Amino acid sequence: MTETAIQVDGLRKSYGQLEAVRGVSFAVSRGEVFGLLGPNGAGKTTTVEILEGYRERSGGEVTVLGFDPASRDRELRSRVGIVLQSSGFYPRATVREAVAHFGAAYPRPRDPQETIALVGLEGKEDTRAGQLSGGQQRRLDLALALVGDPELIFLDEPTTGFDPAARRAAWEVIRSLRGLGKTILLTTHYLDEAQALSDRVAIVKDGLIVAEGPPSELSSRRSSYLVSYQDNGHRVELETEDPTELLHRLTGEALARGSRLEGLSVSRPTLEDVYLELTAQHEGEAE
Amino acid sequence: MSTAVLTWRQFRFERKLFWRNPSAAFFNFTLPFLFLILIASVFGADRKELNTLIPGIAGMSVLGTTFTALAYTFVFNREQGILKRIRGTPMPPLAYFGGVIASAVANAAVQVTLIVVIGHVFYDVSWPQDYLELVVFVVLGVIAFGSLGIAFANAIPNFDAAAAYVNAVFLPVIFISGVFYSTDSMPRLLKAIAVALPLKHVIDGLSGAIVTGTGIGGHLTALAVVAGWAVAGLFLTVRYFRWD
């Protein structure tokens, strides 16, 4: 039986009149990478900040590594690493000093130099945090979250503002953490990131989870296939639940005419298609 | 690591970073002396005026190194997200506050010492008459001003506004509290305000310690007022502290 790292049941959070989270439930197993996906303002960060112990919930039950995060237990904080959406550094402390300083608060810290190497900041040890580039600061963020050697890591939009190469590098770090058996809760609004890294994703929209499952299953849940081809310079796109029959008919007609189906392709919906469909649907319902 | 060790580490870390900002460190240390030298020479201060000025500048130093410095530090660290980051780690808040405040105390102690030494060496003001009273008023002043500074940081919206907020308190307070001249000849209303605030009482206590040697017994009211502000400052800090 897999152990549960995070259990969320009917979580609610209101700010005055506004209900930012309206009854969210999900569970994350140990060793799993779980992605919370959704547009800005969907309630992802509010949910994660409740799990991190930064905010108090208005309703529902939450357990993180067996603790209620609202109790702000020191043991829980020593087993969790947090990458916040916005970085917080002492601008005049060097990379090495910052990593060593924050590491000292943990019972079993990782070696600072090893942590710096893990996130790819070798050669920047003596650079002050204020002089690092945006992407390097994000890596320092990750180093400060990892220096305590946590079991559970929260990553709130860890690659926002990265160039493609830096994103790939960050993905490799996250995959290697998964390889070490760490549990990771990732929030992102990049679909490819969620698809590439997560064992399971939940799509959040307007404070509710609108879909949940492994990225591949989520994409295949939508039953239709997209068949497209060129006809006299026009692109024809057909959706079908049974591509076998449709293709048989199309190719049969083409052969009978003695023409060809130029640029014929059959594609499965990607997570992006599912995401756009689901989030659009809910916008429609709200109106 | 224990809270005590982490407090010490935080203190060491704060000291290191303090000296990495040389211009701030320089002004922090020289401003009181600049005031002292300028006022003493421009007004050709006599013995009686110097006996007012030295404890006054010492009191201003305690205010500047604690109230002003901690208000800036906490607004900056809140805006930078440093406070939020610390809150997400197992660092005990007590160790963090302890280290930061100890760093401010170190600055206050160094400045008061330098002012007493400069006063004696260059202006022929006597060595302190009552060291116990000196320490008691510096320590109580640090607690009152320091906690009021951290509490005040909660009211300051962002770092850009911090200088305006802090100076709106710091400047009027030093002018009415007898830093540069005796409060005896001030208008009654200003005097009443000064008497209600803690700085005048810290200066009275320092004056007793350095100049007159009347002893703590002669300044029990001053002690009570400063202690009252210390309690108020600690309450406001704990009650309204904002981590982000």
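Computed from a predicted structure; not experimentally measured.

**Some points on the overall build of chain B**
So, step 1. Of the regular secondary structure elements, chain B holds 10 helices and 0 strands.
So, step 2. In chain B, the succession of α and β elements from N to C terminus is α-α-α-α-α-α-α-α-α-α.
So, step 3. Against the compact-globule benchmark of 18 Å for 244 residues, chain B has a radius of gyration of 18 Å, which places it among compact chains.
So, step 4. With the principal axes as the frame, chain B shows a C-alpha extent of 55 × 35 × 35 Å.
So, step 5. The 244 residues of chain B split such that 44% are buried.
So, step 6. Taking all contacts inside chain B whose residues are at least 6 apart in sequence as the whole, residues at least 24 apart take part in 83%.

**What to know about the sheet that holds strand β5 (residues 80-83) of chain A**
Residue and element names in this part refer to chain A.
So, step 1. Pairing in this open sheet of 6 strands is mixed, and the strands run β5-β6-β7-β3-β8-β9 from one edge to the other. Taken across any chain shown, the strands that pair with only one partner, and hence form the sheet edges, are β5 and β9 (208-213). Shown here is a sheet whose adjacent strand axes are inclined to one another by a mean of 15 degrees, direction ignored.
So, step 2. Across 4 bridges, β5 lies against strand β6 (residues 152-156) in parallel orientation. Paired with V80 across the two strands is L152, which belongs to β6.
So, step 3. In the packing of helix α1 (residues 44-51) onto the sheet, the strands contacted are β3 (33-37), β6, β7 (183-188) and β8 (200-205), and the crossing angle to β7 comes to about 150 degrees.

**Here's the deal with the environment of A:T115**
All names here are of chain A.
So, step 1. Within the secondary structure, T115 sits in helix α4 (residues 112-118).
So, step 2. Separated by 83 residues in the primary sequence, T115 and S198 have C-alpha atoms spaced 23 Å apart.
So, step 3. When residues no more than four places from it in sequence are discounted, the contact partners of T115 are V99, R110, A143, L146 and V147.

**A short note on unusual backbone geometry**
All names here are of chain A.
So, step 1. Of note, D149 is a non-glycine position whose phi angle comes to about 50 degrees, a positive value.
So, step 2. On the basis of neighbour count, D149 is assigned to the partly exposed category, with 19 C-beta atoms found within 10 Å.
So, step 3. Not every positive phi belongs to a glycine, and E157 is a case in point at roughly 50 degrees.
So, step 4. Along the polypeptide, E157 turns up in the loop between β6 and α6 (164-179).

**Digging into α6(A)**
Residue and element names in this part refer to chain A.
So, step 1. Taking 1.5 Å as the rise per residue, α6 with 16 residues should run 22 Å; its terminal C-alpha atoms sit 23 Å apart, in good agreement.
So, step 2. Check the buried side of α6 and you find it contacts β6, β7 and α7 (191-197).
So, step 3. A positive phi of about 90 degrees marks G181, the residue just after α6.

**Quick look at helix α10 (residues 220-240) of chain B**
All names here are of chain B.
So, step 1. The end-to-end C-alpha distance of α10 is 30 Å, a good match for the 30 Å that 21 residues give at a rise of 1.5 Å each.
So, step 2. Residues of α10 that are buried include every one of A222, V225, V226, W229, A230, G233 and T237, and no others. Buried residues in α10, looked at end-on, bunch into an arc of 140 degrees, giving them a common side. Seen from the buried face of α10, the exposed residues on the opposite side, beyond 90 degrees, are L220, T221, A224, V231, F235, V238 and R239.
So, step 3. In this fold, the buried residues of α10 make contact with α6 (131-153) and α9 (198-212).

**Details of the confidence of the model for chain B**
So, step 1. Taken over all residues, the pLDDT of chain B has a mean of 90, while the share at 70 or more is 99%.
So, step 2. Per-element confidence in chain B is highest for helix α1 (residues 3-19) of chain B, whose mean pLDDT is 95, and lowest for helix α2 (residues 22-42) of chain B, whose mean pLDDT is 82.

**Concerning the pairing of strand β10 (residues 225-231) of chain A**
Residues and elements named next belong to chain A.
So, step 1. Where β10 and strand β11 (residues 234-240) come together, 7 bridges link them in antiparallel fashion. Bridged to V227 within β11 is L238.
So, step 2. Counting the residues that bridge the hairpin from β10 to β11 gives 2 residues, and of these N232 lies at a positive phi of roughly 50 degrees.
So, step 3. Bridge count between β10 and strand β12 (residues 262-267): 4 bridges; the pairing is antiparallel.

**Observations regarding the environment of A:V83**
Residues and elements named next belong to chain A.
So, step 1. Its location among the elements puts V83 in strand β5.
So, step 2. A C-alpha to C-alpha distance of 4.9 Å links V83 and L155, two positions 72 residues apart in sequence.
So, step 3. Not counting chain neighbours up to four residues away, the residues in contact with V83 comprise D141, L142, A145, F154, L155, D156 and P158.

**Looking at the interface of chain B and chain A**
So, step 1. Counting residues at the interface gives 17 residues for chain B, matched by 20 residues for chain A.
So, step 2. Elements that contribute at least two residues to the side of chain B that touches chain A include exactly α1 and α4 (82-87) of chain B.
So, step 3. Its residues assigned to classes, the side of chain B that touches chain A shows 7 nonpolar, 5 polar and 5 charged.

**A few points about the packing of α6(B) against α10(B)**
All names here are of chain B.
So, step 1. Put simply, α6 and α10 touch, their axes get as near as 8 Å, and they point 30 degrees apart. One element, α6, and the other, α10, form an angle in the roughly parallel class. In the packing of α6 onto α10, the handedness of the crossing is left-handed. In this structure, α6 uses L140, G141, I143, A144, S147, L148, I150 and A151 to contact α10, whose residues at the interface are L223, V226, A227, W229, A230, G233, L234, L236, T237 and Y240.
So, step 2. For the contact of α6 with α10, a count of residues per class yields 14 nonpolar, 4 polar and no charged.

Conventions adopted
Residues numbered from 1 in each chain as written. Chains lettered and ligands numbered in written order. Predicted model: local features only at pLDDT ≥ 70, side-chain atom pairs only at ≥ 80, totals over all residues. Helix = DSSP H or I, 4+ residues; strand = E, 2+ residues; numbered from the N terminus. Rg over C-alpha atoms; globule rule 2.2 N^0.38 Å. Buried ≥ 20, exposed ≤ 12 C-beta atoms within 10 Å, placed from the backbone. Contact = placed C-beta atoms within 7 Å. Pairing = 2+ DSSP bridges. Axes fitted to C-alpha atoms, helices over the stretch in contact; angles between N-to-C directions. Expected span 1.5 Å × (residues − 1). Arc of directions from axis to C-beta. pLDDT = per-residue confidence, 0-100. Nonpolar A, V, L, I, M, F, W, Y, C, P; charged D, E, K, R; others polar. Parallel < 35°, antiparallel > 145°, perpendicular 65-115°, else oblique. Left-handed = near helix turned anticlockwise from the far one by under 90°.

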